[in-house]
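# Reading the structure
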Amino acid sequence: VLPGPAEVDREAAELAERDRRDRARAVAPLRQAADAMLLDTTNLGFADQVQEIVALVRRRLPQV
């Protein structure tokens, strides 16, 4: 059984609050590394995600 809209909204709010707390904590706050590459996979299927990752690596390391 799939969750309803209220359950999805509640879970999204809980995740957002968890992420906010993690970013704001004094010890080891959650942050993207300075040299990290961000890849938004929101609208990508698995095969497309793999293709994008391979393309990023090839641009970063031309010999690959």
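The sections below set out a description of the structure shown in this document. Keep in mind that this is a model prediction, so the values were computed, not measured. (Residues numbered from 1 in each chain as written. Predicted model: local features only at pLDDT ≥ 70, side-chain atom pairs only at ≥ 80, totals over all residues. Heavy atoms only, no water.)

## Some points on the pattern of salt bridges
- Counted under the stated rule, the structure contains four salt bridges.
- The partner of E17 in a salt bridge is R20, with the nearest N and O atoms 2.7 Å apart. Residue E17 and its partner R20 are both found in helix 1 (residues 5–24); the two are separated by three residues, about one turn of the helix.
- Here D19 and R18 are joined by a salt bridge, their closest N and O atoms 2.8 Å apart.
- Overall, the relative accessible area of 25% leaves D19 in the partly exposed class. (Salt bridge = Lys/Arg side-chain N within 4 Å of Asp/Glu carboxyl O. Helix = DSSP H or I, 4+ residues; strand = E, 2+ residues; numbered from the N terminus. Buried < 20%, exposed > 50% of the residue type's maximum accessible area, 1.4 Å probe, protein only.)

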